[in-house]
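# Inside the fold
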Amino acid sequence: MTHPHATPTASTDSTPNARDTEAQRETSTPGSPTPDSPTSDTALTGLTTLPSLTGLRRRLTTELDQAARTWLEHALDEAAAHPGVHGPISAWELRLAEAGRRCGAAHADAARVLILHAARAGADALSRVYFQGTADERRAVLHALPHLVSGPAALPLVEDALRTNDTRLLGAAVGPYAARHLDGHSWRHAVLKCLFTGVPVDHVADLPRRARGDGELARMLGDYAAERTAAGRSVPEDLYRVLDLTESAPPAPGPDHPHGKES
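The sections below set out a description of the structure shown in this document. Given the structure is predicted, the values throughout are model-derived calculations rather than measurements. (Residues numbered from 1 in each chain as written. Predicted model: local features only at pLDDT ≥ 70, side-chain atom pairs only at ≥ 80, totals over all residues. Heavy atoms only, no water.)

### A closer look at the overall build of the protein
The secondary structure content of the protein amounts to 14 helices and zero strands. When the 263 residues of the protein are sorted by exposure, 48% land in the buried category. Relative to all contacts within the protein whose residues are 6 or more apart in sequence, the contacts with residues 24 or more apart total 76%. Accessible area for the protein stands at about 12,400 Å²; split by element, carbon and sulfur atoms hold 53% of it. (Helix = DSSP H or I, 4+ residues; strand = E, 2+ residues; numbered from the N terminus. Buried < 20%, exposed > 50% of the residue type's maximum accessible area, 1.4 Å probe, protein only. Contact = heavy atoms within 4.5 Å. Areas by Shrake-Rupley, 256 points an atom, 1.4 Å probe, with all protein chains shown as cover.)

### Considering the packing of helix α13 (residues 215–230) against helix α14 (residues 237–246)
As a packed pair, α13 and α14 sit with axes 9 Å apart at the nearest point and diverge in direction by 150°. Here α13 is positioned roughly antiparallel relative to α14, judged by the angle of their axes. Of the two elements, α13 crosses α14, and the hand of that crossing is left-handed. For the pair α13 and α14, the contacting residues are L217, A218, L221, Y224 and A225 in the first and L239, V242, L243 and T246 in the second. Looking at the contact of α13 with α14 residue by residue, the class counts come to eight nonpolar, one polar and no charged. (Axes fitted to C-alpha atoms, helices over the stretch in contact; angles between N-to-C directions. Parallel < 35°, antiparallel > 145°, perpendicular 65-115°, else oblique. Left-handed = near helix turned anticlockwise from the far one by under 90°. Nonpolar A, V, L, I, M, F, W, Y, C, P; charged D, E, K, R; others polar.)

### Topic: the packing of helix α3 (residues 66–81) against helix α4 (residues 91–103)
Two elements in contact, α3 and α4, have axes separated by 10 Å at closest approach and are oriented at 165°. What the angle tells us is that α3 and α4 run roughly antiparallel. α4 is crossed by α3, and the crossing has left-handed handedness. Residue-level contacts link A68, W71, A75, E78 and A79 of α3 to A91, W92, R95, E98, A99, R102 and C103 of α4.

### Notes on the environment of L64
Relative to the assigned elements, L64 resides in the loop between α2 (53–63) and α3. Taking the C-alpha atoms as reference points, L64 and C103, separated by 39 residues in sequence, lie 6.9 Å from one another. If sequence neighbours within four positions are ignored, L64 has contacts with R69, L72, C103 and H107.

### Details of the nonpolar core
W92, I115, L142, L145, L157 and V158 are the most contacted members of the largest nonpolar core, which has 66 residues in total. Ranked by residues supplied to this core, first place goes to helix α5 (residues 105–118) with seven residues. With sequence-adjacent residues up to four places away left out, L145 is seen in contact with L126, A154, L157, V158 and Y177. (Core = buried A, V, L, I, M, F, W, Y, C linked by side-chain atoms within 4.5 Å.)

### Re the pattern of salt bridges
Applying the stated criterion across every chain yields a total of 17 salt bridges. A salt bridge links E63 to R59; its shortest N-O distance comes to 3.4 Å. Of the two residues, E63 and R59 are both situated in helix α2; the distance of four residues between them amounts to about one turn of the helix. Two residues, D238 and R241, come together in a salt bridge whose shortest N-O distance is 3.1 Å. Separated by three residues within a single helix, D238 and R241 lie in helix α14, roughly one turn from each other. Look at D238 and you get buried, because its relative accessible area is 18%. Among the residues examined, R241 registers a relative accessible area of 39% and is labelled partly exposed. Here the salt bridges do not stand alone but share partners, grouping E78, R95, E98, R101 and R102 into one network. (Salt bridge = Lys/Arg side-chain N within 4 Å of Asp/Glu carboxyl O.)

Coordinates in, geometry out; function isn't part of it.
Shown next as structure tokens:
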């Protein structure tokens, strides 16, 4: 797969950008739930183990009101009936933009993951949604990766998110897909990026296993702590937690990041 550029692709639609129109509607509809504000929590925030799709759907069925459940069922049926990418924008892509308004911020990520799965979005479709979508849609794509991409083809999306300073994107980027596929060098820098930006290391999937016996990570943590101390700044408590993990016995010899199917 050709790696996409790190900036969103301009719309090729000759009509007004349907995704942007829906995104504006999502944030301006009077009386609607507040969609995905930077401080809002979501059903997937901070999850370091892979939630089952069945569990996500059951949770939404239980917690959404009747109107939202009806909308979600229609969106999932529509995505399943017309999977993949069709033209400038697919119907299910519009449903991704609507999810915050229809389901509320607390459930939008889970709804978007279910829609992406119903649409059978592969690496190319996920890249399109990620680079053309809002920050909320990008975060949902990152959460969906382990359910939809079995190998490392979607790593450019994780790498792009790790270059940002958006803490909610960073928290999603260090989930189960990154734990499985990032190489040692990139994964160590992802952990450091969490410390730099204040993302709790509890968000880093599989942290105990990957940090165990990692002398290079220990060295990087020590250097960072020394820099902070020399500058008269406090050292994040999370740094010491990770440093303690690196002092555990190393794992048995094997590939640093074996690629395989997560779900």
